[in-house]
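# Overview (structure and organization)
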Amino acid sequence: MLLSKNIALVGFMTAGKTQVGERLSVRTGLPFRDVDRLVEEVAKAPVQRIFETLGEPWFRQIESRILSELCAGSGQIIGCGGGTILRPENRAVLRDRCVTFWLRVSVAYVRTRLEEPGTPQRPLMAGRDLDLLIPELLRQREPLYAEADEVIETDGRTVDDVAEEIVARLGFTT
C-alpha cells in the first residue's frame, strides 16, 4: 500500500505536521515534502508575505497545484498546510492518492504552541482575537479534517511519539 500511495499529514496550524513529517522521513526512509515550503519556493517569499502581497486566493491556487503534482507520484510523506483541506479538489486527491492522518490538536494546545518562542507567524492570526478565531476556524475545519483515514491526538505528545504511532498504524517496517 505504501508504495502505491503517499502518506499525507493534515491538521490545524501548530499540530506538528512538518516536524512529524520530517521524523517520519528519517524513520521510514521515505522523502518528506512540505506543501507550504514548496509554495514559498515558488513565490520566493514566506507564507506570511505571500498572504500580505499576493493574497490567500493566490496561495490556495498554488497550494492546490503543488498538492496535485505531488500526489501524481507515490511513496512519499506530504505535509499539508492547515487550510489545504478547504478545497474539495484537494480533499479528493488526498482521498484517492494518500493514506491520510489527521494530527488533531485542541484549542488550548494551539494557543500554547502559538506562544512558544520561534513559532512561525501565522497569516490568518495576524491582528485577530485568537480566543474567538481559533475555536471558529477549528469548528469550520474539523469536519474536513475528519475525512482523513486515521486520527492521531497530538496534545501533550512528543514528535517522536506521534511519528511512532503513525509507523505502527501503517505496519511499516524498515
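Here the structure is a predicted model, which is why all the values come from computation and not from measurement.

## Some words on the nonpolar core
Of all hydrophobic cores here, the largest spans 53 residues; its most connected members are Phe-12, Val-20 and Ile-166. For this core, the element with the highest residue contribution is helix H7 (residues 130-145), accounting for seven residues.

## Examining the pairing of strand E4 (residues 98-104)
E4 sits mainly inside the fold: six of its seven residues count as buried. With four bridges joining them, E4 and strand E5 (residues 150-153) adopt parallel strand pairing. Bridge pairing in E5 places Leu-103 opposite Ile-152.

## Digging into the environment of Leu-133
Along the chain, Leu-133 turns up in helix H7. On the basis of relative accessible area, Leu-133 is assigned to the buried category, the value being 9%. Each C-alpha atom of the pair Leu-133 and Val-107 lies 10.0 Å from the other, and the pair is 26 residues apart in sequence.

## Considerations on helix H1 (residues 17-28)
Between its first and last C-alpha atoms H1 spans 16 Å; for twelve residues at 1.5 Å apiece the expected length is 16 Å, and the two agree. Inspection of H1 places Lys-17, Val-20, Gly-21, Leu-24, Ser-25 and Thr-28 among the buried residues, and these make up the whole buried set. All buried residues of H1 fall inside an arc of 145° around its axis, so they share one side. On its buried face, H1 is in contact with strand E1 (6-10), strand E2 (32-34), strand E3 (77-79), E4 and helix H8 (159-170). The positive-phi residue at the C-terminal boundary of H1 is Gly-29, with phi of around 85°.

Calculation criteria
- Residues numbered from 1 in each chain as written.
- Predicted model: local features only at pLDDT ≥ 70, side-chain atom pairs only at ≥ 80, totals over all residues.
- Heavy atoms only, no water.
- Core = buried A, V, L, I, M, F, W, Y, C linked by side-chain atoms within 4.5 Å.
- Buried < 20%, exposed > 50% of the residue type's maximum accessible area, 1.4 Å probe, protein only.
- Helix = DSSP H or I, 4+ residues; strand = E, 2+ residues; numbered from the N terminus.
- Pairing = 2+ DSSP bridges.
- Expected span 1.5 Å × (residues − 1).
- Arc of directions from axis to C-beta.
- Contact = heavy atoms within 4.5 Å.

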